Amino acid sequence: KGRTDMACKGDRDLIVAKAYELFKNHEYDTVSMETISNAVKLPAAAIYTCFPTKEALLESCLLFYAQLRKQQNQKLLQSMENALAAIDDYVNDG
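What you see is a predicted model, and the numbers here were worked out from it, not measured in a lab.

Participant: Account for the packing of aromatic side chains, with residues named and values stated.
Facilitator: Counted according to the given criterion, the structure contains three aromatic pairs. Ring geometry for Tyr20 against Tyr65: centres 5.9 Å apart, planes inclined by 25°, an arrangement best described as stacked. Here Tyr65 lies in helix α4 (residues 54-93) and Tyr20 lies in helix α1 (residues 6-25), a separation of 45 residues in the sequence. Taking relative accessible area as the criterion, Tyr20 reaches 12% and is therefore assigned buried. The class for Tyr65 is partly exposed, based on a relative accessible area of 38%. Joined through ring pairs, the aromatic side chains of Tyr20, Phe64 and Tyr65 make up one cluster.

Here it is, written out as structure tokens:
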């Protein structure tokens, strides 16, 4: 899985966020580790230290996306529950 100590932690988050955007906007095969390296302004060696392969980086991007969607869904559900409660209160108290 690559390096997981604190020195890599900040780099990992930056790399995953930028790689996620690149993979989202371009075909996977066209996004090289060098492209990602240039985008995050880190040497390629730093990326390979955190992610030994592009596939490992993609896996982290997919986990990042899943977590992002989960947070968005939780906010949506919470707002829906609040809206439904408000409608219920209006109908029952009205």
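Next comes the rest of the account.
Participant: If you had to explain the nonpolar core to someone new, which residues and values would you point to?
Facilitator: Ranked by size, the top nonpolar core spans 18 residues in total, and within it Ile15, Phe23, Ile36, Leu57 and Cys61 carry the most contacts. Among the secondary structure elements, those contributing two or more residues to this core are α1, α2 (33-40), α3 (44-50) and α4. The element contributing the most residues to this core is α1, with seven residues. Beyond its immediate sequence surroundings of up to four residues, Ile36 is in contact with Ile15, Ala19, Leu22, Phe23, Val31, Ile47 and Leu57.

Participant: I'd like a rundown of the side chain of Arg12, residues and numbers included.
Facilitator: Take Arg12: it is sitting in helix α1. No salt bridge is formed by the buried Arg12; the nearest opposite charge belongs to Asp13, separated by 5.9 Å. Of the polar contacts made by the side chain of Arg12, one reaches the backbone oxygen of Cys50; its length is 3.0 Å.

Scoring rules and cut-offs
- Residues numbered from 1 in each chain as written.
- Predicted model: local features only at pLDDT ≥ 70, side-chain atom pairs only at ≥ 80, totals over all residues.
- Heavy atoms only, no water.
- Phe/Tyr/Trp six-rings, centres within 6.5 Å; stacked < 30°, edge-to-face > 60°.
- Helix = DSSP H or I, 4+ residues; strand = E, 2+ residues; numbered from the N terminus.
- Buried < 20%, exposed > 50% of the residue type's maximum accessible area, 1.4 Å probe, protein only.
- Core = buried A, V, L, I, M, F, W, Y, C linked by side-chain atoms within 4.5 Å.
- Contact = heavy atoms within 4.5 Å.
- Lys, Arg positive; Asp, Glu negative; His and termini not counted.
- Salt bridge = Lys/Arg side-chain N within 4 Å of Asp/Glu carboxyl O.
- Polar contact = N/O pair within 3.5 Å; in protein donor to acceptor, adjacent residues only side chain to side chain.

Keep in mind these numbers describe shape, not what the thing actually does.
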